[in-house]
Amino acid sequence: MARDSVMTVVKAGGQYQVVIGNHVPDVYAAVLAVGGVQGQGAGTVEAHEEAVKKNPLDAFIDFQPFLGPLAAAGIIKGVVAILTATLGWTAKNNGVALVLTAAGDGFFQFLPIMIALNAAHKFKMNDFTALAIEAALVYPNLEATMTALGKVGAVNFFGIPLGLPTGDYLSTVIPAILAVWVASHIEKFMKKITPDFVKVFMVSFVTLILQYL
């Protein structure tokens, strides 16, 4: 018999499946809290506080998963530099150098997206909403297009001036972390006020829109 937020109960093969519709994230969080179980990307409060004492940045992002790929990408970039210096191989004249350049630069090119996934776990927001936010930062030709628009005075979003961080912003950490942090607060607020029947898409939609305002 269905009651409250339970839509129906299905019995099959001696097992029961409770169908609760759009309330899955809320119930999941409640079950983890009551059972003292750690969810994906979660850690104990004590471990988190200890890590923050050692490095304040750990309050926002866990760098441990990045170390392996970061070191590998750096080594590959070093190999490319050696090949260029000794053999004259570059991404423009040699296939090996092209592949290695892509492998080495790819990690740094999409670093904001990788940071987004990690930060989303820290701030307990939807992983894919965070990924969508950071994907805009690495949108192809974004920087070049904004430069072109700037020449005609059209770099604005409904009258709000737009700008990108100076330098190689694609490899920066702080802007990506701050973007997810702000988005996490917007998402939490929207979850509280959004009706259940539109929450599955409206929360992410409003979070994405407000994030860029």
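About the cut-offs
- Residues numbered from 1 in each chain as written.
- Predicted model: local features only at pLDDT ≥ 70, side-chain atom pairs only at ≥ 80, totals over all residues.
- Heavy atoms only, no water.
- UniProt positions renumbered as here; feature names shortened; annotations may be inferred.
- Core = buried A, V, L, I, M, F, W, Y, C linked by side-chain atoms within 4.5 Å.
- Buried < 20%, exposed > 50% of the residue type's maximum accessible area, 1.4 Å probe, protein only.
- Helix = DSSP H or I, 4+ residues; strand = E, 2+ residues; numbered from the N terminus.
- Phe/Tyr/Trp six-rings, centres within 6.5 Å; stacked < 30°, edge-to-face > 60°.
- Axes fitted to C-alpha atoms, helices over the stretch in contact; angles between N-to-C directions.
- Parallel < 35°, antiparallel > 145°, perpendicular 65-115°, else oblique.
- Left-handed = near helix turned anticlockwise from the far one by under 90°.
- Contact = heavy atoms within 4.5 Å.
- Nonpolar A, V, L, I, M, F, W, Y, C, P; charged D, E, K, R; others polar.
- Salt bridge = Lys/Arg side-chain N within 4 Å of Asp/Glu carboxyl O.
- Polar contact = N/O pair within 3.5 Å; in protein donor to acceptor, adjacent residues only side chain to side chain.

By the naming in an unreviewed UniProt entry, the chain is PTS system beta-glucoside-specific EIIBCA component family protein. Taken directly from UniProt, the Subcellular location (unreviewed entry) text for the chain runs: "Cell membrane".

Here we take up the nonpolar core. Ranked by size, the top nonpolar core spans 18 residues in total, and within it Ile115, Met125, Ala130 and Val180 carry the most contacts. Of all the secondary-structure elements, those providing two or more residues to this core are helix H3 (64-87), helix H5 (111-123), helix H6 (127-137) and helix H8 (174-193). Tallying contributions element by element places H5 first for this core, with six residues.

The next subject is the side chain of Thr129. Position of Thr129 relative to the elements: it lies in helix H6. Classification of Thr129 as buried rests on a relative accessible area of 4%.

What follows is about the packing of aromatic side chains. Tallied over the full model, the rule gives one aromatic pair. Centroid distance Phe107 to Phe108: 5.5 Å. Interplanar angle 85 degrees. Geometry classified as edge-to-face.

Here the focus is the packing of H5 against H8. Two elements in contact, H5 and H8, have axes whose closest approach is 9 Å; the angle formed by their N-to-C orientations is 45 degrees. Viewed along their axes, H5 and H8 adopt a mutual orientation that is oblique. Pair H5 / H8 crosses with right-handed handedness. Residues Pro112, Ile115, Ala116, Ala119, Ala120 and Phe123 of H5 form the contact with H8, whose participating residues are Ala176, Ile177, Val180, Trp181, Ser184 and Lys188. Within the contact of H5 with H8, the residues separate by chemical class into 10 nonpolar, one polar and one charged.

Attention shifts here to the pattern of salt bridges. For the coordinates displayed, the defined rule picks out three salt bridges. The salt bridge involving Asp105 is made with Lys77; its shortest N-O contact spans 2.5 Å. Taken together, the residues Asp105 in helix H4 (residues 95-109) and Lys77 in helix H3 connect sequence positions 28 residues apart. Here Asp196 ties to Lys199 by a salt bridge, and the two come within 3.3 Å at their closest N and O atoms. Of this pair, Asp196 and Lys199 both sit in helix H9 (residues 196-211), three residues apart, which is roughly one turn of that helix. By relative accessible area, Asp196 is classed as partly exposed at 32%. Of the residues examined, Lys199 reaches a relative accessible area of 15% and is grouped as buried.

Let us now look at the side chain of Thr194. With respect to the secondary-structure elements, Thr194 resides in the loop between H8 and H9. For Thr194, a relative accessible area of 7% puts it in the buried group. There is a polar contact of 2.5 Å between the side chain of Thr194 and the backbone oxygen of Met190. Apart from residues lying up to four places away in sequence, Thr194 is in contact with Lys199, Met202 and Val203.

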